[in-house]
Amino acid sequence: MKVCVFCGSSMGFDIRYREAAERLGEVLAQHDCTLYYGGGSVGLMTIIADKMLEKGKEVVGIIPKQLVSMEVAHFGVTRLIEVDSMAERKEMLINESDAIIAMPGGFGTLDELFEIIVLNQLRYTNKAVALYNTLNYYDSLVHFIDHAVSQGFIRKEHRDNIIISDNAETLMKGISDYQPLDIKKWIEDIRQESK
């Protein structure tokens, strides 16, 4: 299975973020996964890539040329693909992978996360999406999504289809059990609501 991991180019202040990245790398390796990620040699990105490489697994990094010129590319990965833009990187990461895991990260990670959620919602893709909720990092985001559900702007089934756990093994189990939603029911429901 090809798993894309979106994660921070920073380490975070708590060492447990680094430990969680290492643990996820170990679990992905145990499940014989190939890692697709943003191609960086910094932050949590490099931690998970290095762990996978240490375990003898394939690691594919996709990175914009501008970031290569800033000397943050990981040239030790199995394959490093240089692209022209952040948008091209995101599109390739999503298209090439079978499932997505978002670790703690910043604006870039959130941008990537919400793009795949929307693509799934509209059935441009049918990929499992998981939040690796290390140290409850995503609790506030999940609370906001729940609020949006309660206000009728996000459908409960779309929220429930996001796998959320602070345990890497639980995430992998959720990914293997993932079932895409039926868009016809959702579209019919919003047509009825709009009358």
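First, a word on what this report is: a plain description of the structure on this page. Please read these numbers as outputs of a predicted model, since none were measured by experiment.

**Quick notes on the environment of Leu-53**
Piece 1. Positionally, Leu-53 belongs in helix H2 (residues 43-54).
Piece 2. Leu-53 sits in the partly exposed class, given a relative accessible area of 26%.
Piece 3. Leaving out residues up to four positions away in the same chain, Leu-53 has contacts with Val-59, His-74, Gly-76, Val-77 and Thr-78.

**Side note on the pairing of strand E3 (residues 59-64)**
Piece 1. Burial of E3 is extensive: six of the six residues sit out of reach of the surface.
Piece 2. Going residue by residue along E3, you find Val-59, Gly-61 and Ile-63 tucked away on one face and Val-60, Ile-62 and Pro-64 tucked away on the opposite face as well.
Piece 3. As paired strands, strand E2 (residues 34-37) and E3 are joined by three bridges and run parallel to one another. By the bridge assignment, Leu-35 is partnered in E3 with Val-59.
Piece 4. Each parallel crossover has a hand, and for E2 linked through H2 to E3 it is right-handed.

**Looking at the sheet that holds strand E6 (residues 128-132)**
Strand-to-strand pairing in sheets goes through backbone hydrogen bonds, with the strands running parallel or antiparallel.
Piece 1. An order of E4-E3-E2-E1-E5-E6-E7 is seen for the seven strands of this open sheet, with the pairing classed as parallel. Strands at the two margins of the open sheet, each flanked by one partner only, are strand E4 (79-83) and strand E7 (162-165). The mean angle between the axes of side-by-side strands here comes to 20 degrees, regardless of whether they run parallel or antiparallel.
Piece 2. Alignment of strand E1 (residues 2-6) against E2, held across three bridges, turns out to be parallel.

**A closer look at helix H5 (residues 107-121)**
Piece 1. In this model H5 runs 21 Å from its N-terminal to its C-terminal C-alpha over 15 residues, within 8% of the 21 Å that 1.5 Å per residue would give.
Piece 2. Within the span of H5, buried status applies to Thr-109, Glu-112, Leu-113, Ile-116, Ile-117 and Asn-120. On an axial view of H5, the arc spanned by its buried residues comes to 130 degrees, and they lie on one face.
Piece 3. Two residues or fewer past H5, Arg-123 is found with a positive phi of approximately 60 degrees.

**Looking at the pairing of E6**
Regular strands have side chains that alternate between both faces of the sheet.
Piece 1. Within E6, five of the five residues are buried, which leaves it mostly tucked inside the rest of the structure.
Piece 2. Inspection of the sheet shows strand E5 (residues 99-102) paired to E6 by four bridges, in the parallel sense. For Ile-100, the partnering residue across the bridge sits in E6 and is Val-129.
Piece 3. What joins E5 to E6 is H5, and the crossover it makes is right-handed.
Piece 4. In this sheet, E7 lies alongside E6 in parallel orientation, the contact comprising four bridges. Within E7, the position partnered with Leu-131 by the bridge is Ile-164.

**Considering the pattern of salt bridges**
Piece 1. For the structure shown, the criterion picks out 12 salt bridges.
Piece 2. Two residues, Glu-54 and Lys-51, come together in a salt bridge whose shortest N-O distance is 3.2 Å. Of the two residues, Glu-54 and Lys-51 are both situated in helix H2; the distance of three residues between them amounts to about one turn of the helix.
Piece 3. Accessibility expressed as a relative area gives 57% for Glu-54, which makes it exposed.
Piece 4. Put simply, Asp-146 and Arg-159 hold a salt bridge, and the shortest N to O gap is 2.5 Å. Of this pair, Asp-146 sits in helix H6 (residues 139-150) while Arg-159 sits in helix H7 (residues 156-160), and the two are 13 residues apart along the sequence.
Piece 5. Overlapping salt bridges, with partners in common, bring together Arg-23, Glu-26, Lys-51 and Glu-54 in one network.

Thresholds applied
- Residues numbered from 1 in each chain as written.
- Predicted model: local features only at pLDDT ≥ 70, side-chain atom pairs only at ≥ 80, totals over all residues.
- Heavy atoms only, no water.
- Helix = DSSP H or I, 4+ residues; strand = E, 2+ residues; numbered from the N terminus.
- Buried < 20%, exposed > 50% of the residue type's maximum accessible area, 1.4 Å probe, protein only.
- Contact = heavy atoms within 4.5 Å.
- Pairing = 2+ DSSP bridges.
- Right-handed = clockwise from strand over helix to strand, strands pointing away.
- Axes fitted to C-alpha atoms, helices over the stretch in contact; angles between N-to-C directions.
- Expected span 1.5 Å × (residues − 1).
- Arc of directions from axis to C-beta.
- Salt bridge = Lys/Arg side-chain N within 4 Å of Asp/Glu carboxyl O.

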